[in-house]
Amino acid sequence: MASIKDLTSLLFTISLSVASFCACSSSDSSNTNDSDDGYPLTEADTVTSPEVANLHNPLPSIPTPQHLSGNFGELRNNHFHSGLDFKTNGRTGYRVAAADSGFVSRIVVSPWGFGRAVYVEHPRTGLTTVYGHLESFSPDIDKKVRDEQYRRQQFSIDMTFAPGEIPVARGATIGRSGNTGSSGGPHLHMDVRHTATGDPVDPMPYFKTSFADKTAPEMRKLTLYAVDGEGYVDNATKNETAPYRFKAWGKVYPGIKAYDRMDGTRNIYGVKHMRLTVDGRQIYSRDIDRVAFGSTRAVHTLIHFPSLKCGGEWIMTTRVPESGPLPDMIEAEGNGILDIDAERDYACVFTLEDEMGNVSKIPFTITGVRSGIPEKRTAGHKVRHNRDFIFHGNGIEVTIPAATLYDDMQFTHTASSNGSYLSAIHKIGDYTVPLAGPIAISVEISDDSTADKSKYCLVRLNDKGNGRRAIAARYINGRMVAEVKDFGRYAVTTDQTPPTVTRVKKTAKDVISFILKDNLSGIASYRGEIDGKFALFELDGKTARASFTIDRSRFKPTGKPHKVTMTATDACGNTTTVEDTVTF
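Cut-offs used in this document
- Residues numbered from 1 in each chain as written.
- Predicted model: local features only at pLDDT ≥ 70, side-chain atom pairs only at ≥ 80, totals over all residues.
- Heavy atoms only, no water.
- Salt bridge = Lys/Arg side-chain N within 4 Å of Asp/Glu carboxyl O.
- Helix = DSSP H or I, 4+ residues; strand = E, 2+ residues; numbered from the N terminus.
- Buried < 20%, exposed > 50% of the residue type's maximum accessible area, 1.4 Å probe, protein only.
- Core = buried A, V, L, I, M, F, W, Y, C linked by side-chain atoms within 4.5 Å.
- Contact = heavy atoms within 4.5 Å.
- Pairing = 2+ DSSP bridges.
- Phe/Tyr/Trp six-rings, centres within 6.5 Å; stacked < 30°, edge-to-face > 60°.
- Polar contact = N/O pair within 3.5 Å; in protein donor to acceptor, adjacent residues only side chain to side chain.

Caption draft 1: Structural detail: the pattern of salt bridges. Per the counting criterion, the structure on display carries 43 salt bridges. For the salt bridge of Asp 199 with Arg 290, the shortest nitrogen-to-oxygen distance reads 3.5 Å. Separated by 91 residues along the polypeptide, Asp 199 in the loop between β13 (187-194) and β14 (200-201) and Arg 290 in the loop between β18 (281-287) and α4 (305-311) bring together distant segments of the chain. Accessibility expressed as a relative area gives 36% for Arg 290, which makes it partly exposed. Arg 245 is paired through a salt bridge with Asp 345; the nearest N and O atoms lie 3.4 Å apart. Remark: Asp 345 occurs in strand β22 (residues 345-353) and Arg 245 occurs in strand β16 (residues 244-259); sequence separation between them is 100 residues.

Caption draft 2: Representation of the nonpolar core within the structure. Within the largest apolar cluster, 103 residues are counted, with the highest numbers of intra-cluster contacts made by Tyr 131, Ile 366, Leu 516 and Phe 537. Top contributing element to this core by residue count: β16, with 6 residues. Beyond its immediate chain neighbours, meaning those up to four positions away, Phe 537 contacts Phe 155, Ile 512, Phe 514, Tyr 526, Gly 528, Glu 529, Ala 546, Ser 547, Phe 548, Val 564 and Met 566. By size, the runner-up hydrophobic cluster in this structure holds 25 residues, among which are Phe 391, Met 409, Ile 439 and Ile 445.

Caption draft 3: The sheet that holds strand β12 (residues 173-176), seen in detail. Taken in spatial order, the 3 strands of this open sheet run β5-β12-β9, and their pairing is antiparallel. The sheet is open, and its two edges are formed by β5 (95-97) and β9 (136-137), each paired on a single side. Pairing geometry for β9 and β12, over 2 bridges, is antiparallel. What sits directly across from Phe 137, in β12, is Gly 175.

Caption draft 4: A look at the packing of aromatic side chains. Inspection of the entire model under this criterion finds 13 aromatic pairs. For the pair Phe 246 and Phe 364, a centre-to-centre distance of 6.1 Å together with 90 degrees between the ring planes defines the contact as edge-to-face. Linking Phe 246 in strand β16 with Phe 364 in strand β23 (residues 359-368), this pair joins segments that are 118 residues apart in sequence. By the burial criterion, Phe 246 is buried, and Phe 364 matches it. Consider the rings of Phe 548 and Phe 555, whose centres lie 5.7 Å apart with planes at 85 degrees: the pair is edge-to-face. Taking the relative accessible area as the measure of exposure, Phe 548 reaches 3% and is therefore buried. Classification of Phe 555 by relative accessible area gives buried; the value is 5%. Put simply, the rings of Phe 389, Phe 391, Phe 411 and Phe 487 pair up and form one aromatic cluster.

Caption draft 5: Up close: the side chain of Ser 82. Following the sequence through the fold, Ser 82 ends up in the loop between β3 (79-80) and β4 (84-87). Reaching out from Ser 82, the side chain makes a polar contact with the side chain of Asp 191 at a distance of 3.0 Å.

Caption draft 6: View of the environment of Ala 162. Assignment of secondary structure puts Ala 162 in the loop between β10 (157-160) and β11 (167-168). Sequence-wise, Ala 162 and Val 104 are 58 residues apart; in three dimensions their C-alpha atoms are separated by 8.1 Å.

Caption draft 7: Layout of the pairing of strand β38 (residues 523-530). In the sheet, β38 pairs with strand β42 (residues 561-570) via 7 bridges, with the strands oriented antiparallel. For Gly 528, the partnering residue across the bridge sits in β42 and is Met 566. Judged from the 3 bridges that link them, β38 and strand β39 (residues 533-535) form a sheet pairing that is antiparallel. By the bridge assignment, Glu 529 is partnered in β39 with Phe 534. Here β38 hands over to β39 after 2 residues, with Asp 531 in that stretch at a positive phi of 50 degrees.

Caption draft 8: Summary view of the pairing of β16. Buried residues dominate β16, accounting for 13 of its 16 residues. Summarising the sheet, strand β15 (residues 218-234) and β16 pair through 12 bridges and their orientation is antiparallel. The partner of Ala 226 across the bridge, within β16, is Val 252. Here β16 runs beside strand β19 (residues 316-317); their pairing, made up of 2 bridges, is antiparallel. What sits directly across from Ile 256, in β19, is Met 316.

Caption draft 9: Representation of unusual backbone geometry in the model. Note that the residue after Thr 64, namely Pro 65, is joined by a cis bond; omega there is 0 degrees. Mapped onto the secondary structure, Pro 65 falls in the loop between α2 (50-53) and β1 (68-70). A positive phi angle, near 55 degrees, is found at Asn 335, a position not held by glycine. Taking relative accessible area as the criterion, Asn 335 reaches 37% and is therefore assigned partly exposed. Not every positive phi belongs to a glycine, and Ala 403 is a case in point at roughly 75 degrees.

Caption draft 10: Region of interest: the environment of Phe 155. Of note, Phe 155 is situated in the loop between α3 (139-152) and β10. Residue classification places Phe 155 among the buried residues on the basis of a relative accessible area of 8%. Separated by 381 residues in sequence, Phe 155 and Leu 536 have C-alpha atoms that sit 6.4 Å apart. Setting aside residues up to four positions removed in sequence, Phe 155 forms contacts with Val 109, Ser 110, Pro 111, Gln 149, Tyr 526, Leu 536, Phe 537, Glu 538 and Leu 539.

Structure below.
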């Protein structure tokens, strides 16, 4: 059997995505090009202020004031929102204009993430702007992309360009707004990034004149939490109307569920600036002006993570973890933890502010009441956040690299038998503890009798209920080896069921569509052909529909039936091929 060190080394070469063609996401960093062909590079501290950059509105055909469906830095699952989501009146097809002159540095096409996206580098300001979820590209861009897709014979693509290849003028059309990728409805996603670092910055200061907003953030819920083993809170979550009062003793930290609002829309947004003062002294401040993709998972440290995992609530807190993962965003005294050590009232105020300067103040009182403090939970193995940890036994090996945890924790493991799986069901760690990155697991297969080892499938079972999802993994010497980014329950099964491929009968003229679905491991690849030649079927990840608009420049019309073939393969190698005809 391979040693745990050998397995760990191998693990970090495994793809985290079951479907490799869906790898694009909104966490892609922009391309940095070192050529100076007419575009001298700038340093990271090049002047990029809104007054100097003066960026062009990306949706000039929508009258101001415009509206947003999402703002910069919103707290989202596993990441900060990296830009602005401009609303497009519930439809697609608006002209998208380049915010400034420069050149196209990158183009990404994917069923997920940004869908169709264009990255434009602006050497004058040291900025790169990104336009996501596009319905289509401008004709010159589209030709380059389509030619390369046919050359590679695949839909998903990631292309980079040197200065001068695709120059862009300020205000020039680069595409049309859409709803592609992981978009939840028609809109334009726009990032503004520092080219030298790839870090997104808040675009709102560049576009303030496009919006009207005099609405302040609003509080939905106020709560107080005790530090495990060091504090006590009475009636922690029962403050729903003013005046807000808590009784506590020892070390505690407050939390607030709040959203920003804007004039003229019912949407809710993330709160950009948050402050906490106690008896007039600032204890905590947080400003989301810029994020780094490398620390985007630390979004989970800004909230009470158990409330999100157990109840779906995004409650922002002042507690800063021991690892301090967001030093450029947060300033805190005593890691944002309050020491209630006197029997008196502590006057606290949360201040919430948006980019437009609208402010809400939420006062509350913590009354110190001397009380006994429950003992700290100590079950399991002590794991330091800044040290490697290896656990092995009971059919599983787990490696937690240093800096994967935000705080020290008590690691626990249980294994239970279940006739539905080919391994024990392993519960590793506490699913209400967030991870900064992947941990390595190696699960022993109890019944390793399946001849085709590629059919084994590692699954994560839902924290609540009976659902499950496949995890990218590899079979090695009777074990399934993987990287995972969550604590929880894992087990091994097989996937020997091929995908389903269904022709859609009712489509627009000249459009051929198939629905591609899989029962477990997920669609890993697909290929469509017309008369035996590759045809560019475009996959919409949200609907599982792969569609091809007949391209008469590539496929000669005959007025007779043409053979249409669609093949889909899942991550365990099961394949389905469907043949049909189309007349054109």
